[in-house]
Amino acid sequence: MNAETLKQRLIHLQEIFQEREDTLTELDRAIGDGDHGVNMVSGFNALPQALENADTVQDVLKTTGMTLMSKVGGASGPLYGFSFVKMAQVAEDEITEDNLPKLLEAFSQAVHQRGKVELDEKTMYDVIERAREAVENGETVDIAYLQTLADNTEDLVATKGRAAYFKEESRGHTDPGAQSSVYILNALIGDE
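Residues numbered from 1 in each chain as written. Predicted model: local features only at pLDDT ≥ 70, side-chain atom pairs only at ≥ 80, totals over all residues. Heavy atoms only, no water.

## A short note on the environment of Ala 3
Right, on to step 1. Mapped onto the secondary structure, Ala 3 falls in helix α1 (residues 3–31).
Right, on to step 2. Among the residues examined, Ala 3 registers a relative accessible area of 11% and is labelled buried.
Right, on to step 3. Here Ala 3 is in contact with Asp 55, Thr 56, Val 57 and Val 60, once residues within four sequence places are set aside. (Helix = DSSP H or I, 4+ residues; strand = E, 2+ residues; numbered from the N terminus. Buried < 20%, exposed > 50% of the residue type's maximum accessible area, 1.4 Å probe, protein only. Contact = heavy atoms within 4.5 Å.)

Structural data, given as structure tokens:
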């Protein structure tokens, strides 16, 4: 995937998040503060203009990261923003099957470090790290697989972030960050 394709896929997320805003808001209302949908739309609405002059994969990733950090509220802005900046630091001229694992490693490590999270704590990390493992192992990672990873957070009890306040009551709800990471990862990995 070259810089232009990556740029178009990330810009297309503006549409995806607008379509899914209500879903993300409902998920976040159940175990958070109900603003995840609005925050993601706000961040990705700013991307088309921000990315106008980004013409390398590194530029596209870094600019996306800086934009998300400044435009997405809540915990997701710093987490996603920091992750894109970290991916920019290891990116090559094109995203290929060979270097995709390195990019996803940077994404996963950034969320792990910045969010101070582990697996099975009902966060976006549950999707990001398992997707990284699957790509590393040569498995097919498509939107359906990513959605299954997000759906699997439903059975977990949250121990991090605002959802942790709900303790056992957080079980039975998909984590909103896990759900939004499905769309972001699909833009980076998927072939549609």
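## Points about helix α4 (residues 57–71)
Right, on to step 1. The end-to-end C-alpha distance of α4 is 21 Å, a good match for the 21 Å that 15 residues give at a rise of 1.5 Å each.
Right, on to step 2. When we look at burial in α4, the residues that qualify are Val 57, Val 60, Leu 61, Thr 64, Gly 65, Thr 67 and Leu 68.
Right, on to step 3. Elements in contact with the buried residues of α4: α1, α2 (36–45), α3 (47–50), α5 (76–90), α6 (100–115) and α9 (176–189). (Expected span 1.5 Å × (residues − 1).)

## Quick notes on the environment of Pro 176
Right, on to step 1. Examined against the element boundaries, Pro 176 turns out to sit in helix α9.
Right, on to step 2. Residue Pro 176 is classed as buried on the basis of its relative accessible area, which comes to 5%.
Right, on to step 3. The spatial distance from the C-alpha of Pro 176 to the C-alpha of Val 157 is 14 Å, given a sequence separation of 19 residues.

## Things to note about unusual backbone geometry
Note on backbone geometry: most residues besides glycine have negative phi, and most peptide bonds are trans.
Right, on to step 1. Within the chain, Lys 116 stands out as a residue other than glycine whose phi angle is a positive 50 degrees.
Right, on to step 2. One can find Lys 116 in the loop between α6 and α7 (124–136).
Right, on to step 3. Positive phi outside glycine occurs at Lys 122, with the angle close to 65 degrees.

## Thoughts on the nonpolar core
Nonpolar side chains in soluble globular proteins tend to end up buried together.
Right, on to step 1. Ranked by size, the top nonpolar core spans 52 residues in total, and within it Leu 13, Phe 17, Leu 61, Phe 107, Ile 184, Leu 185 and Leu 188 carry the most contacts.
Right, on to step 2. In this structure Leu 188 touches Met 1, Leu 6, Leu 61, Phe 84, Met 87, Leu 100 and Phe 107, once residues within four positions along its chain are discounted. (Core = buried A, V, L, I, M, F, W, Y, C linked by side-chain atoms within 4.5 Å.)

## Details of the UniProt feature "domain: DhaL" (unreviewed entry) in the chain
Right, on to step 1. UniProt's entry tags residues 4–190 with the feature "domain: DhaL" (unreviewed entry), counted in the numbering of this structure.
Right, on to step 2. In this annotation, residues 4–190 is assigned 66% helix and 0% strand; the end-to-end C-alpha distance for the span is 16 Å. (UniProt positions renumbered as here; feature names shortened; annotations may be inferred.)

## So, the packing of α4 against α5
Right, on to step 1. At a minimum axis separation of 7 Å, α4 and α5 run at an interaxial angle of 165 degrees. Judged by the inter-axis angle, α4 sits roughly antiparallel to α5. The two elements α4 and α5 meet at a crossing, and its hand is left-handed. Contact with α4, carried on its side by Gln 58, Leu 61, Lys 62, Thr 64, Gly 65, Met 66, Leu 68 and Met 69, involves Gly 77, Pro 78, Tyr 80, Gly 81, Phe 82, Phe 84, Val 85, Met 87 and Ala 88 of α5 and no other residues of that element.
Right, on to step 2. Its residues placed into classes, the contact of α4 with α5 shows eleven nonpolar, five polar and one charged. (Axes fitted to C-alpha atoms, helices over the stretch in contact; angles between N-to-C directions. Parallel < 35°, antiparallel > 145°, perpendicular 65-115°, else oblique. Left-handed = near helix turned anticlockwise from the far one by under 90°. Nonpolar A, V, L, I, M, F, W, Y, C, P; charged D, E, K, R; others polar.)

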